[in-house]
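# Topology and contacts: notes
What follows is the residue order along each chain.
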Amino acid sequence: MSLPVFSVERLPEVGPTTLDGPEGKHAATVRRLRVGEELLLSDAQGGMARCSVEAAERDSLRLTVSETWHEPRPALRVRVVQALVKGDRGELAVELATESGVDGVVPWRASRCVAKWDDGPRGAKALARWRTTAASAAKQARRAWTPEITEPVSTKQLAELVAEVDTALVLHESATGQLTDVDLPESGEVLLVVGPEGGITDEELAALTRAGAQVTRLGRTVLRASTAAAVALGALGALTTRWS
């Protein structure tokens, strides 16, 4: 069974340390880790530490760090542009994408989005939920890197992002070619665009293709906006060296 992962702001050095705060309380009272058991600490930026429990307090653990290391980012990074999805399906999309290895998520205010994030407290709360979901999913998947969830973008801002990356792919049912037909780079960044429940408009599609995006599809069936990114990430993992 793989070791549980807990988040820390700063990775400790080899030797004694203490896991306290919310993560320490969770480890001690929820996971009930005891003396002699092992766990991993992660700084969410590639740093990992293997630790053994020396003492379990009420809401913290005293640990001994036996080794630390840094896991590099993959040579080919994938950032998902996820259109806003209603209800908790947006958080589901982030959770699945994180577990599938996404390197970053960009929320997109597409024209046909049912969900609307304003620039006030409600929008900030929704963005915070996505970020919390990503952090939790990264620990669940034993990932050394937690994907960055950026501020939401408009279609104009998205087109600017498309022009900056090595490869931009828009998943759309109108595409004649499949993802397996795309000439993928060995390194750099791929931007993967997933539209809303109502679909990407012709105007949005035109703006993204003018900026350099390629329109592609995964297969003959239509996936939900909340699951398409995870399926595409799995395909990209098999088609590139991301899983090697």
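Residues numbered from 1 in each chain as written. Predicted model: local features only at pLDDT ≥ 70, side-chain atom pairs only at ≥ 80, totals over all residues. Heavy atoms only, no water.

Below, the discussion takes up the UniProt feature "domain: Ribosomal RNA small subunit methyltransferase E PUA-like" (unreviewed entry) in the protein. Taken from the UniProt record, the annotation "domain: Ribosomal RNA small subunit methyltransferase E PUA-like" (unreviewed entry) applies to residues 19-65. Along residues 19-65, the helical share is 21% and the strand share 45%, with 11 Å between the first and last C-alpha atoms. (UniProt positions renumbered as here; feature names shortened; annotations may be inferred. Helix = DSSP H or I, 4+ residues; strand = E, 2+ residues; numbered from the N terminus.)

Right, let's get into the pairing of strand β5 (residues 61-70). By the bridge criterion, 5 bridges tie strand β2 (residues 15-19) to β5 in an arrangement that is antiparallel. The partner of Thr-17 across the bridge, within β5, is Leu-63. Pairing analysis gives 9 bridges linking strand β4 (residues 47-56) to β5, with the strands arranged antiparallel. Opposite Met-48, over in β5, you have Trp-69 as the bridge partner. Here β4 folds back onto β5, and the loop between the two strands holds 4 residues. (Pairing = 2+ DSSP bridges.)

Another aspect to go through is the sheet that holds strand β6 (residues 76-83). The parallel open sheet is built from 6 strands, whose spatial order is β8-β7-β6-β10-β9-β11. Of all strands in the sheet, those bounded by a partner on one side alone are β8 (148-149) and β11 (214-216). Bridge count between strand β7 (residues 104-108) and β8: 2 bridges; the pairing is parallel. Looking across to β8, one finds that Gly-104 is bridged to Glu-148. Here helix α6 (residues 228-239) sits on the sheet in contact with β6, β9 (167-171) and β10 (188-194), set at roughly 165° to β6. (Contact = heavy atoms within 4.5 Å. Axes fitted to C-alpha atoms, helices over the stretch in contact; angles between N-to-C directions.)

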